[in-house]
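Spelled out from the first residue to the last, the chains are:
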Amino acid sequence: MAQPAYEIDEMISAKSIAARIEALAREIKSTFDGTDKLIVVGLLRGSFVFIADLVRELDLPVEVDFLEASSYGDSTESSREVRILKDLRGEIAGRDVLVVEDIVDTGFTLSHVVALLKTRGPKRLETIALLDKPSRREIDIRATWTGFEIPDEFVVGYGIDYAQRNRNLPYIGAVRFTGGAA
Ligand code: PRP
């Protein structure tokens, strides 16, 4: 299927993201200081770049696990039905858990995942989102830590896709549709 033509304008530079992650990692360390192990759960696929950079800044014993939840598929609109496509490999009962999300938009994905994981009895469960679009929220949820609040623009890069493309950009960019088909 032909995609509309678009260009990408840098919104948040790789340098700004790195600086913010350093600060967030310090806050997470002080919250979970003394933990025997923090289970860092990345929500696939969008968080794969963020979690990779975040765990390397985290001065704590960590275990990394992944969960795949999808509400958008290849569409730009949330289906509001969150499907678990891949569950965690490990147990989280009685453990410290940090859920890592790339972006909170309507809030459906994060609220669904948090509700699901809480049924498994973690000792403590906190959340972090690199990006937050509060103007799009339909479910009243906010991550414990947010990297950047952004306006309601279609963003790509640093793990985030448009129809599965542009996840490999090292920065966050805003998609600007230019008319016509690509
Ligand atoms: C995107 C994004 C978040 C979610 C946020 O995932 O990665 O997980 O949507 O939207 P929400 O707050 O409206 O639920 P997507 O389903 O596109 O999967 P992906 O991570 O594999 O790109």
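Let me begin by describing the structure that accompanies this report. (Residues numbered from 1 in each chain as written. Predicted model: local features only at pLDDT ≥ 70, side-chain atom pairs only at ≥ 80, totals over all residues. Heavy atoms only, no water.)

## What to know about the sheet that holds strand E9 (residues 172–181)
Inference 1: The strand order across the open sheet formed by 3 strands is E1-E9-E8, and the pairing between neighbours is antiparallel. Lying at the two open borders of the sheet, with one neighbouring strand each, are strand E1 (4–12) and strand E8 (155–156).
Inference 2: Pairing of E1 with E9, which is carried by 7 bridges, proceeds in the antiparallel orientation. Counted as the bridge partner of Glu-7 is Arg-176 from E9. (Pairing = 2+ DSSP bridges. Helix = DSSP H or I, 4+ residues; strand = E, 2+ residues; numbered from the N terminus.)

## A look at the pairing of strand E3 (residues 62–70)
Inference 1: For strand E2 (residues 38–44) and E3, the ladder comprises 7 bridges, and the chain directions are parallel. Each bridged residue has a counterpart across the sheet, and for Leu-44 the counterpart in E3 is Glu-68.
Inference 2: Read from E2 through helix H2 (residues 48–57) to E3, the crossover connection turns out right-handed.
Inference 3: Sheet topology places E3 next to strand E4 (residues 83–86); 3 bridges connect them, and they run antiparallel. Bridging from a neighbouring strand, Ala-69 pairs with Ile-84 of E4. (Right-handed = clockwise from strand over helix to strand, strands pointing away.)

## Comments concerning the site of the ligand
Inference 1: As a structural note, the neighbourhood of the ligand is formed by 17 residues, with Glu-101, Asp-102, Thr-106, Gly-107 and Thr-109 the closest of them.
Inference 2: Here an oxygen atom of the ligand and a backbone polar atom of Gly-46 are 2.9 Å apart.
Inference 3: Between an oxygen atom of the ligand and a side-chain N or O atom of Thr-109, the distance comes to 2.5 Å.
Inference 4: Looking at the shell around the ligand, the elements with two or more residues in it are strand E5 (96–104) and helix H3 (108–118).
Inference 5: For the shell around the ligand, the residue count by class is 5 nonpolar, 6 polar and 6 charged. (Near = heavy atom within 4 Å. Polar contact = N/O pair within 3.5 Å; in protein donor to acceptor, adjacent residues only side chain to side chain. Nonpolar A, V, L, I, M, F, W, Y, C, P; charged D, E, K, R; others polar.)

## Here we look at the packing of aromatic side chains
Inference 1: In the structure shown here, the tally under the stated rule is 4 aromatic pairs.
Inference 2: On the numbers, 5.1 Å between centres and 75° between planes, the contact of Tyr-6 with Tyr-162 is edge-to-face. Placement of Tyr-6 in strand E1 and of Tyr-162 in the loop between E8 and E9 is noted, with a sequence separation of 156 residues between them.
Inference 3: Using a relative accessible area of 7% as the deciding quantity, one classes Tyr-162 as buried.
Inference 4: On the basis of an interplanar angle of 65° and a centroid distance of 6.2 Å, the ring pair of Tyr-6 and Phe-177 is categorised as edge-to-face. (Phe/Tyr/Trp six-rings, centres within 6.5 Å; stacked < 30°, edge-to-face > 60°. Buried < 20%, exposed > 50% of the residue type's maximum accessible area, 1.4 Å probe, protein only.)

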